[in-house]
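These are the residues of each chain, in order.
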Amino acid sequence: MNPPASNGTKARFTEIHPGVFRLALPLPGKKPGPVNVYLFLGQNKTLLDTGSSRTVHILETALENHGLKFQDLDRLVITHGHLDHYGAARKILSAPGSRCRLAAHPGDLFRIRTGLEAPVRHSFAFLRLMGVPPALSASLLSIFVVFKTMAQSVEPDWLLNEGDTLLLGDCRCRVIHTPGHTRGSVSFHLPDQSLLFSGDHILGHITPNALVMFERRQSLPKRSPQDEFYASIQKVEALAPRCVHPGHGGPMEDIFEVTDMYRRTFTDRQRKILALVQEGGMSVHDMARALFVQNLRGKRYPLELYLAVSEVYTHVQALETLGFIHTRIKGGRLLVKPSPQSANPEHLK
Ligand SMILES: [Zn+2]
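Below: a short report on this structure. (Residues numbered from 1 in each chain as written. Predicted model: local features only at pLDDT ≥ 70, side-chain atom pairs only at ≥ 80, totals over all residues. Heavy atoms only, no water.)

1. Remarks on the overall build of the protein
- Check the secondary structure of the protein and you find ten helices and 14 strands.
- Expressed as a percentage of its 349 residues, the buried residues of the protein come to 55%.
- Once local pairs closer than 6 in sequence are excluded, the contacts in the protein between residues at least 24 apart make up 67%. (Helix = DSSP H or I, 4+ residues; strand = E, 2+ residues; numbered from the N terminus. Buried < 20%, exposed > 50% of the residue type's maximum accessible area, 1.4 Å probe, protein only. Contact = heavy atoms within 4.5 Å.)

2. So, the packing of aromatic side chains
- Here the structure, examined in full by the defined rule, presents six aromatic pairs.
- With a centroid separation of 4.9 Å and an interplanar angle of 75 degrees, the aromatic rings of Tyr38 and Phe197 are classed as edge-to-face. On the criterion of sequence distance, the pair formed by Tyr38 in strand β3 (residues 35–40) and Phe197 in strand β11 (residues 195–199) is long-range, its members being 159 residues apart. Phe197 shares its class with Tyr38; the two are buried.
- Ring geometry for Phe126 against Tyr313: centres 5.4 Å apart, planes inclined by 75 degrees, an arrangement best described as edge-to-face. A residue pair is termed long-range when its members are at least 10 positions apart, and Phe126 in helix α5 (residues 120–129) and Tyr313 in helix α10 (residues 301–321) qualify at 187 residues.
- Among the residues examined, Tyr313 registers a relative accessible area of 5% and is labelled buried. (Phe/Tyr/Trp six-rings, centres within 6.5 Å; stacked < 30°, edge-to-face > 60°.)

3. A word on the coordination of the zinc ion
- Around the zinc ion, the protein contributes the donor atoms His80 (NE2), His82 (ND1), His181 (NE2) and Asp200 (OD), at 2.2 to 2.3 Å from the metal centre.
- Its four donor atoms give the zinc ion angles of 89 to 169 degrees at the centre, a pattern that matches the irregular case.
- The motif formed by the donor residues of the zinc ion, counted along the single chain, is H-x1-H-x98-H-x18-D.
- The exposure class assigned to His82 is buried, which follows from its relative accessible area of 13%. (Donors = N, O, S within 2.8 Å, 3.2 Å for Na, K, Ca; no water. Tetrahedral: all angles 85-135°; square planar, octahedral: opposite > 155°, others 65-115°.)

4. Description of the nonpolar core
- Met130, Val284, Met287, Val309 and Val312 are the most contacted members of the largest nonpolar core, which totals 35 residues.
- Within the residue set of this core, elements represented by two or more residues are α5, α6 (134–148), α8 (255–279), α9 (284–292), α10 and β14 (333–338).
- The element contributing the most residues to this core is α10, with nine residues.
- Split by domain, this core shows at least three residues from each of two domains, domain 1 (1–115 + 154–253) and domain 2 (118–150 + 267–349).
- Among all residues touching Met287, those that are not within four sequence positions of it are Ile273, Leu276, Val277, Met282, Val312, Val316 and Val336.
- Core analysis: the second largest hydrophobic core is formed by 33 residues, Phe21, Ile58, Leu76 and Ile112 among them. (Core = buried A, V, L, I, M, F, W, Y, C linked by side-chain atoms within 4.5 Å. Domains from an automatic or database assignment.)

5. A word on the environment of Leu303
- Counting through the fold element by element, Leu303 comes out in helix α10.
- By relative accessible area, which is 18% here, Leu303 ends up buried.
- Separated by 160 residues in sequence, Leu303 and Ile143 have C-alpha atoms that sit 6.6 Å apart.
- Leave out the neighbours within four places in its chain, and Leu303 touches Ile143 and Phe147.

6. Here we look at the pattern of salt bridges
- Summed over the entire model, instances satisfying the criterion amount to eight salt bridges.
- For the salt bridge of Arg263 with Glu237, the shortest nitrogen-to-oxygen distance reads 2.9 Å. Of this pair, Arg263 sits in helix α8 while Glu237 sits in helix α7 (residues 225–239), placing them 26 residues apart in sequence.
- We classify Glu237 as buried; its relative accessible area is 12%.
- Across the pair Glu311 and Arg269 runs a salt bridge, and its minimum N-O distance is 2.5 Å. (Salt bridge = Lys/Arg side-chain N within 4 Å of Asp/Glu carboxyl O.)

7. So, the sheet that holds strand β2 (residues 20–25)
- In spatial order, the strands read β1-β2-β3-β4-β5-β6-β7; together these seven strands make up an open sheet with mixed pairing. Here the strands that pair on one side only, and so sit at the sheet edges, are β1 (14–17) and β7 (158–159).
- Summarising the sheet, strand β5 (residues 75–77) and strand β6 (residues 101–104) pair through three bridges and their orientation is parallel. Bridge pairing in β6 places Leu76 opposite Leu102.
- Along the sheet face, helix α1 (residues 56–64) touches β2, β3 and β4 (46–48) and points at about 150 degrees away from the line of β2. (Pairing = 2+ DSSP bridges. Axes fitted to C-alpha atoms, helices over the stretch in contact; angles between N-to-C directions.)

8. Overview of the sheet that holds strand β12 (residues 243–246)
- Here five strands make up an open sheet; going across it, the order is β8-β9-β10-β11-β12 and the pairing mixed. Edge strands, defined here as strands with exactly one partner in the open sheet, are β8 (165–168) and β12. Within the sheet, the average angular offset between the axes of one strand and its neighbour, ignoring direction, is 30 degrees.
- Bridge analysis of β8 against strand β9 (residues 171–177) gives four bridges, and the strand direction is antiparallel.

What follows is the structure, encoded as structure tokens:
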């Protein structure tokens with residue numbers, strides 16, 4: 001794969017607020033679209049997210065067009081441990097003479113160090129339980145090869161935790177831990193400007209994935225990313241920011257319009273999953289195919305498959321907590337059945 005071309009004239013940051021700038025860096029595929037990185041100028045010259053390592057030359061050109069070098073940056077802060085958000089960090093930090101320090105949430109340390117949510121064997125064991133055929137699971141390996149071209153592993157210099165305050169440029173900022181999309185996702189709230197930098201926690205043009213969170217020594221993930229995601233939504237709604245700047249796509253001025261859309265979409269998806277469960281005998285993989293089959297075509301199939309299975313499973317977890325369904329493992333597969341008491345999907349609110 002060739003790195004995307006850097007067009008010197010186009011590689012420019014746009015000022016979105018005095019002293020705060022945005023640059024959209026290209027990503028392969030249509031979704032989720034170019035990844036945003038934000039530059040804060042002032043006391044602490046800070047870059048919020050970096051894009052992937054494949055577009056680091058575009059980032060470098062954009063900074064040069066602004067009269068800056070990597071060495072001029074004081075801080076990198078990372079919204080979460082996905083390759084398109086931290087992938088270029090090591091290249092930036094290793095610029096000769098750099099004094100830049102990297103900060104991320106401890107929940108995503110494994111991701112930032114390895115590029116993976118969990119050891120590969122965990123993902124394979126999970127996919128087997130979900131009923132994914134072994135040949136398809138094996139094709140997931142191709143994703144990991146592609147991923148290696150998008151990020152280099154890196155070690156944060158300091159950790160971000162809920163409630164930490166820091167300066168981004170000259171802007172006072174509070175760290176809001178918003179798990180769901182990943183366990184270590186954070187949003188950055190600027191109370192004086194009433195701005196929120198949300199990473200992939202809040203996106204305007206698509207519903208974010210609440211992805212499976214693996215745990216050591218457990219074959220089935222127990223943490224419920226959907227529930228954590230909803231709790232995180234409430235957290236940022238309570239801040240009522242006048243503008244949200246996401247990890248992909250343009251800014252949003254009405255956070256409630258967006259979060260209402262998420263709730264409607266997720267409820268609709270859970271109704272559909274419940275309807276499928278009532279047909280009986282489907283694996284999570286079967287349900288993912290039935291719900292997302294139009295998306296499970298083309299070159300990115302293995303990744304789409306993983307995301308679809310991951311999403312259906314997290315909804316299954318939420319539906320089980322609500323008492324609509326129950327699950328058990330039989331013959332090395334997760335069986336999903338309706339609960340006899342409340343099997344009507346219309347009961348979902
Ligand atoms: Zn992400």
